[in-house]
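Residue-level structural notes
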Amino acid sequence: MPDRSDEDLIAALARGEVSGLEELYDRYNKIGYSLAYRIVGERNSAEDVLQEAFLAVWRQAGSFRRERGSVRTWLLSVVHHRSIDKLRASASTSAASPLDELPDTPADEPGVWQQVWAELRGDLVRNALDDLPAEQRKSIELAYFSGYTHVQIAELMGVPLGTVKGRLRLGLLKLKGYLEGQKLGEAAT
Amino acid sequence: MTQLFHVFDMTAPYALGALSPEDQLVVREHIAACEPCRVELAEMQNVVGMLPLACETAQPDDELKRRLVAAAQGEIKAKTMLRRRSRTNAGSGERAGEPGALWRYAQYWLTAAAGLAAIVAVFIAMNQSHERERMAHALAQATARVTALEAANTELAAKAEHGHDVMASLATGSYWEMGRGQDATGRTWHSTVVQPMDENKNGMVMASVPNAPKGMSYQLWVVRNGQAHSAGAVQKGGMTIMDLPMPLRKGDIVAFSMEHGAGTGIPTRPFLMETAI
């Protein structure tokens, strides 16, 4: 039987088919766990996060809307949010940002980005991050992987808030350009 | 509508999850009406969606998949059980308009059954002794939790049933507003006396009671022919439904007094409020 699409799997979950959950898990457990482990830094906690995230998707599959982003985006977003929540809880910090479960903005994924995602290798993304100016990379890592708000990052780095906003935006735009260039360049050769 | 400003500087922190709830709201409201900012935010979210790939690849324990599947199957079983019970209740006359008891009941069972199923599945699968020991502890905790939930559920079901009796009596029987009163701290409270239409059934009192002062309690009485009959005492405030020791008759007096300790055999203080039947 050909592989079912992510959307087919979510529809199966909404019907209560556990086999769909198993397939989805097989497809995304490594990247989900890698992300959780990177953020929480401990195996048991990362596994707890991953299980909670898949169960959340299992329970909310019926509310999935394709126009709000892909299944992968949704799932990884849930993993990210729960990881940050766990990190903040364990650190007893009040980062004042209860994170949403679902992406709440239309996440357009034009063809080039779907292709980028499908073919992108982890080392390319790591290289792209490494190529960023140190302060931009650090700002992005503090925000995404360490769960700091932009205000906290400004305090940590001792720079004005506007500087942090600028670094985050420029950093992401550079990443976008780098990754698009890599994949489009490969596609042309 | 043309926007007078943009939030380009907020799209990156938003996509990275680095905004406070208040700032998140500002961005959400803005992009709902601003196409350029919406497009930029979508781009930022696409880039952020690539960041998980930057993590060093790690793999969860194989056992995790089994745990996940067991938990999902446990939820299915719990839902099936609830549907059956719901049908049974419907068949035995439970009304759709019950005050949310069935849903709370469902939540208890769903949580308890899913948690227990997951823990049991993992426990069976564990081979190594230290893992078994750890899971035995978790199982004991889960079992204790289930027991506590069952007890809470029983209490809840009893309250719901009692509430149903009161509501039915309000609709078909007789009731009297006992009125409002103030406790020793000056807080207001009120209560309603209810006599079911079946005059052989005991009366009830539905009351909103404040916390009694330390060492005191509010005691409910039925006074008939000059003799006071205790209907029990409450110390903890909140909504409460109390059974009276007898069916109410014309000439009875229902009253609250404040007494020492957990109550007394006869009223020792003036009634805080009372109503004549």
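Provided above is the structure to which this section pertains.
Below is a summary of the structure that appears in this document. In this text, all values refer to a predicted model and were calculated from it rather than measured experimentally. (Residues numbered from 1 in each chain as written. Chains lettered and ligands numbered in written order. Predicted model: local features only at pLDDT ≥ 70, side-chain atom pairs only at ≥ 80, totals over all residues. Heavy atoms only, no water.)

**A few points about the overall build of chain B**
Defined as follows: Helix and strand definitions follow DSSP, with helices as H or I runs of at least four residues and strands as E runs of at least two, each counted in order from the N terminus. For the exposure calls, accessible area comes from a 1.4 Å probe over protein chains only, and a residue counts as buried if that area is under 20% of its type's maximum, exposed if over 50%, partly exposed in between. Any two residues having at least one pair of non-hydrogen atoms within 4.5 Å are treated as being in contact.
Tallying secondary structure elements over chain B gives six helices and eight strands in all. If you list the helices and strands of chain B from N to C, you get α-α-α-α-α-α-β-β-β-β-β-β-β-β. Residue burial in chain B is summarised as follows: out of 277 residues, 42% are buried. Long-range contacts, defined as pairs at least 24 residues apart, comprise 59% of the intrachain contacts of chain B with a sequence gap of at least 6.

**Some points on the environment of Glu274(B)**
Residue and element names in this part refer to chain B. Structurally, Glu274 can be placed in strand β8 (residues 271–276). Between the C-alpha atoms of Glu274 and Ala255, which are 19 residues apart in sequence, the distance is 4.0 Å. The residues touching Glu274, leaving out its near neighbours within four places in the chain, are Met178, Ile253, Val254 and Ala255.

**Considerations on the packing of aromatic side chains**
Residues and elements named next belong to chain A. The test is simple: Two rings from Phe, Tyr or Trp (for Trp, the six-membered ring) form a pair when their centres sit within 6.5 Å of each other. Planes less than 30 degrees apart are called stacked, planes more than 60 degrees apart edge-to-face, and all others tilted. Working rule: Lys NZ or Arg CZ, within 6 Å of ring centre, within 35 degrees of ring normal, means a charge sits over the ring.
Under the definition given, this model contains four aromatic pairs over all chains. With a centroid separation of 5.0 Å and 80° between ring planes, the pair formed by Tyr144 and Phe145 is classed as edge-to-face. Overall, the relative accessible area of 4% leaves Tyr144 in the buried class. The lysine or arginine in question, Arg38, covers the ring of Phe145, its NZ or CZ lying 4.0 Å from the ring centre.

**Quick word on the pattern of salt bridges**
Applied cut-off: Whenever Lys or Arg places a side-chain nitrogen within 4 Å of a carboxyl oxygen from Asp or Glu, that contact is recorded as a salt bridge.
Under the definition given, this model contains 18 salt bridges over all chains. Between Glu23(A) and Arg27(A) there is a salt bridge; the shortest N-O distance is 3.9 Å. Pair noted here: Glu23(A) and Arg27(A) are both in helix α2 (residues 18–40), with a separation of four residues, about one helical turn. Residue classification places Glu23(A) among the partly exposed residues on the basis of a relative accessible area of 22%. Judged by relative accessible area, which is 31%, Arg27(A) ranks as partly exposed. Residues Arg38(B) and Glu35(B) are paired through a salt bridge, measuring 2.4 Å at the closest nitrogen-oxygen approach. Of the two residues, Arg38(B) and Glu35(B) both sit in helix α3 (residues 35–48), three residues apart, roughly one turn of that helix. One network of salt bridges, in which partners are shared, links Arg4(A), Asp6(A), Arg15(A), Glu17(A), Glu23(A) and Arg27(A).

**What to know about α3(B)**
Put simply, the rule reads: Any helix carries an expected span of 1.5 Å times its number of residues minus one.
Its 14 residues place the ends of α3(B) 20 Å apart at the C-alpha level, agreeing with the 20 Å of an ideal helix rising 1.5 Å per residue. When α3(B) is considered as a whole, its buried residues turn out to be Cys37(B), Glu40(B), Leu41(B), Ala42(B), Met44(B), Gln45(B), Asn46(B), Val47(B) and Val48(B).

**A closer look at the packing of helix α2 (residues 21–31) of chain B against α3(B)**
All names here are of chain B. Which entries qualify depends on this criterion: In this description, a line fitted to the C-alpha atoms serves as the axis of each element, helices being fitted only across the stretch in contact, and the angle between N-to-C directions of two axes falls anywhere from 0 to 180 degrees. Angle categories are assigned with fixed cut-offs, so that under 35 degrees is roughly parallel, over 145 is roughly antiparallel, 65 to 115 is roughly perpendicular, and the rest are oblique. Each residue receives one of three labels: charged for Asp, Glu, Lys and Arg, nonpolar for Ala, Val, Leu, Ile, Met, Phe, Trp, Tyr, Cys and Pro, and polar for the others, Gly being one of them.
Two numbers describe how α2 lies on α3: the axes approach to 8 Å, and their chain directions differ by 120°. Looking at the two axes, α2 sits oblique to α3. Together, Val27, His30 and Ile31 of α2 and Cys37, Arg38 and Leu41 of α3 make up the contact between the two elements. Residue composition of the contact of α2 with α3, by class: four nonpolar, one polar and one charged.

**Quick notes on the interface of chain B and chain A**
Our working definition: By buried area we mean the combined loss of accessible area, with a 1.4 Å probe, across both parts when two parts are placed together. Here a polar contact is recorded for every N or O atom pair within 3.5 Å, except that within protein the pair must consist of a potential hydrogen donor and a potential acceptor, and residues adjacent in sequence are included only if both atoms are side-chain atoms.
Listed by partner, the interface residues are 49 residues for chain B and 62 residues for chain A. Its largest share of buried area at the contact with chain A, chain B owes to Met50(B), Leu53(B) and Leu68(B), together 13% of the area lost on that side. Inspection of the chain B/chain A interface yields six salt bridges. We note a salt bridge from Arg126(A) to Glu56(B), for which the minimum N-O separation is 3.7 Å. Where chain B touches chain A, the interface holds 13 residue pairs in polar contact (both at pLDDT 80 or more). Of all elements in the fold, only α1 (8–15), α2, α3 and α4 (62–91) of chain B reach the threshold of two or more residues within the side of chain B that touches chain A. Grouping the amino acids of the side of chain B that touches chain A by side-chain chemistry returns 29 nonpolar, nine polar and 11 charged.

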